[in-house]
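Report on the structure
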Amino acid sequence: MVDAKGRNMKCLTFLLMLPESVKSKSSKGSKKGSPSSSSKLPPVCYEIITLKPKKKKKMAAEIFPTKKPASVATVQQYQQQNLNNNNTIQCCNWQGLYSTIRERNAVMFNNELMADVRFVVGQSGGTERLPGHKYVLAVGSSVFHAMFYGELAEDKDEIRIPDVEPPAFLAMLKYIYCDEIDLSADTVLATLYAAKKYIVPHLARACVNFLETSLSAKNACILLSQSCLFEEPDLTQRCWEVIDAQAELALKSEGFCDIDAQTLECILRRETLNAKEIVVFEAALSWAEAECQRREMNTTIDNKRKVLGQAVYLIRIPTMGLDDFANGAAQSGVLTLNETNDIFLWYTAAKKPELQFVCQPRKGLTPQKCHRFQSCAYRSNQWRYRGRCDSIQFAVDKRVFIAGFGLYGSSCGSAEYTAKIELKRQGVVLGTNLSKYFSDGSSNTFPVWFEYPVQIEPDTFYTASVVLDGNELSYFGQEGMTEVQCGKVTFQFQCSSDSTNGTGVQGGQIPELIFYA
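Residues numbered from 1 in each chain as written. Predicted model: local features only at pLDDT ≥ 70, side-chain atom pairs only at ≥ 80, totals over all residues. Heavy atoms only, no water.

Looking at an unreviewed UniProt entry, the protein carries the name BTB domain containing 3, with the source organism given as Sinocyclocheilus grahami. UniProt, in its Subunit (unreviewed entry) section for the protein, records the words "Interacts with cul3. Interacts (via BTB domain) with zbtb16/plzf." Looking at the protein in UniProt, the text filed under Function (unreviewed entry) is "Adapter protein for the cul3 E3 ubiquitin-protein ligase complex. Promotes the export of zbtb16/plzf from the nucleus to the cytoplasm and targets zbtb16/plzf for ubiquitination and degradation. Up-regulates neurog1 expression and antagonizes zbtb16/plzf, to promote neurogenesis." (UniProt positions renumbered as here; feature names shortened; annotations may be inferred.)

Here you go:
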């Protein structure tokens, strides 16, 4: 079938049988008195009805085409506006820009639109006024739920929070509204405090994970203090691992001077502290000076001794070397004349006086060794050193601290070696040291130490290298293993491109990694 414009049209044809009830209508045109009209039933009448095809129904999306979903850039733009408290919504139908409830909630973050509560956050002189939405906050925190909908809820339009820093409170709100965790080294501790206070456990866990990942000797002491405050035993244990293994670096860090007196005593009491006692003594004096400033006291010798209090007797001064004591602690002025005299007698007299100080040296940590060869050998033409580098790559499945390497020595009698050892990660030097060691001509390994143990993170390959100068011939390892289990730590080894003297997984130098775990 073709329409007036010449287009093909599809049609449906129905034959309709008219019932008797329409007899009168169907016979209107017949003559009165016609025999057929009185004696016969009305003829069955057929009408042909042609239906034009209905147009296909359009979906709502076709009738009312929606705008393209908001791009990631658009969402981030709104969030950045909210962070800057510059969150004016330009579009009257802004809800249509976002396809998920999460994105629409994110628009409400730090937004005055529909806000039914305001928070005045921070200490006096540095406060910020932040808008909030009670329903969203109550869904995200049981504390907010009790605050707004509990039996003792107070109907306040403005709530003061002086003990939380504004950036940390904003970070918590961003998590509640946007389901996003935005942490930085500067705000993570304050954010953890806010998450603990308002019982937002997933955010608190994320803060702890962030702290554990970024844990180092520089911040271990201050994090130890905070982890005890927040009652985070796992973080506390990680802090102690770093402080024990890298004690001297931790005690010399700026963060050590910021700890509280209770944490100071815990560290000074630590039996496994891996540090010289003179370093412990000097660190305690640095803390005392900072404490005097915090208390607005003059930093005199007497005031330092005063703020240290009984903690001074936790420093194991009698275990120092005599030179360290005579040139350091004895001349510091912190000790009384009687204490100085008694300690000198302790060093020299047969009958030693009783001291208030702990007189037993700290046990420190016992180093462990990962030996990667099953045997060693020597030949008349191997192993030679001519300024070339022996190197191997390794990775661990748990955090450890590499303290040094065990190296082979001369196969031609006793000899002295100069060794430059180095530890790198992705080309960045983490630790290096130049030292000497004496080989007695046996096939034993001989330790060479870094100045400070180097922290090794799990699941990342590090490069251990050594350049030796000494007797031309030495022992070398054989039957090397790609994986070695040492206690609870698994080491994996692979060849290093830095190796120019033949050392690899199967054989060569650097038979041992000496570590703390």
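1. Details of the packing of aromatic side chains
Tallied over the full model, the rule gives 20 aromatic pairs. Judged by centre distance (5.0 Å) and plane angle (75°), the ring pair of F325 and F344 falls under edge-to-face. Of this pair, F325 sits in helix α17 (residues 322–327) while F344 sits in helix α18 (residues 337–348), placing them 19 residues apart in sequence. Judged by centre distance (5.3 Å) and plane angle (75°), the ring pair of Y378 and Y475 falls under edge-to-face. With Y378 in the loop between β7 (373–377) and β8 (389–396) and Y475 in the loop between β13 (462–469) and β14 (476–480), this pair connects stretches of sequence that are 97 residues apart. Overall, Y475 belongs to the buried group, its relative accessible area being 11%. Aromatic rings pair up to connect F119, F144, F148, F169 and Y198 into one cluster. Here R270 stacks its cationic end above the ring of W240, 4.1 Å away from the centre of that ring. Here K352 stacks its cationic end above the ring of W346, 5.4 Å away from the centre of that ring. (Phe/Tyr/Trp six-rings, centres within 6.5 Å; stacked < 30°, edge-to-face > 60°. Helix = DSSP H or I, 4+ residues; strand = E, 2+ residues; numbered from the N terminus. Buried < 20%, exposed > 50% of the residue type's maximum accessible area, 1.4 Å probe, protein only. Lys NZ or Arg CZ within 6 Å of the ring centre and 35° of its normal.)

2. Regarding the packing of helix α15 (residues 277–294) against helix α16 (residues 301–308)
As a packed pair, α15 and α16 sit with axes 9 Å apart at the nearest point and diverge in direction by 100°. On the basis of the axis angle, α15 is roughly perpendicular to α16. Contacts from A284, L285, W287, A288, E289, E291 and C292 in α15 reach N303, K304, V307 and L308 in α16. Residue classes in the contact of α15 with α16 are distributed as 7 nonpolar, 1 polar and 3 charged. (Axes fitted to C-alpha atoms, helices over the stretch in contact; angles between N-to-C directions. Parallel < 35°, antiparallel > 145°, perpendicular 65-115°, else oblique. Contact = heavy atoms within 4.5 Å. Nonpolar A, V, L, I, M, F, W, Y, C, P; charged D, E, K, R; others polar.)

3. Quick notes on the nonpolar core
Core analysis: the biggest nonpolar cluster contains 91 residues, and F119, F169 and I317 have the highest contact counts within it. If sequence neighbours within four positions are ignored, F119 has contacts with E128, R129, L130, G132, L137, F144, F148, I159, I161 and F169. Grouped together as the second largest cluster of nonpolar side chains are 36 residues, V396, I402, I421 and A464 included. (Core = buried A, V, L, I, M, F, W, Y, C linked by side-chain atoms within 4.5 Å.)

4. Some remarks on the packing of helix α10 (residues 201–213) against helix α12 (residues 233–245)
Direction vectors running N to C along α10 and α12 enclose 5°, while the axes themselves pass 10 Å from each other. Here α12 runs roughly parallel to α10, going by the angle between their axes. In contact with R205, V208, L211 and E212 of α10, α12 contributes D234, L235 and R238. Across the contact of α10 with α12, the residue classes tally to 3 nonpolar, no polar and 4 charged.

5. With respect to the state of the cysteines
Covalent bonding between the sulfur atoms of two cysteines defines a disulfide. Enumeration over the complete set of coordinates arrives at 0 disulfides. C266 takes part in no disulfide bond, and the closest cysteine sulfur to it belongs to C228, at a distance of 6.3 Å. Residue C266 is classed as partly exposed on the basis of its relative accessible area of 34%. The thiol of C486 is not disulfide-bonded; the next cysteine sulfur, from C370, is found 3.7 Å away. (Disulfide = S-S within 2.5 Å.)

6. Re the side chain of S391
Turning to its location among the elements, S391 is positioned in strand β8. Since its relative accessible area comes to 0%, S391 is described here as buried. At 3.2 Å, the side chain of S391 forms a polar contact with the backbone oxygen of A464. Only 3.1 Å separates the side chain of S391 from the side chain of S496, close enough to count as a polar contact. (Polar contact = N/O pair within 3.5 Å; in protein donor to acceptor, adjacent residues only side chain to side chain.)

7. Quick word on the sheet that holds β8
One open sheet holds the 6 strands; their spatial order is β11-β10-β13-β8-β16-β15, and the pairing between them is antiparallel. For this open sheet the edge positions go to β11 (428–439) and β15 (483–486), each flanked by a neighbour on one side alone. The sheet shows a mean angle of 25° between the axes of neighbouring strands, taken without regard to direction. Where strand β10 (residues 415–425) lies against β11, 11 bridges are found, and the strand directions are antiparallel. Residue pairing across strands places E422 opposite T432, the latter belonging to β11. (Pairing = 2+ DSSP bridges.)

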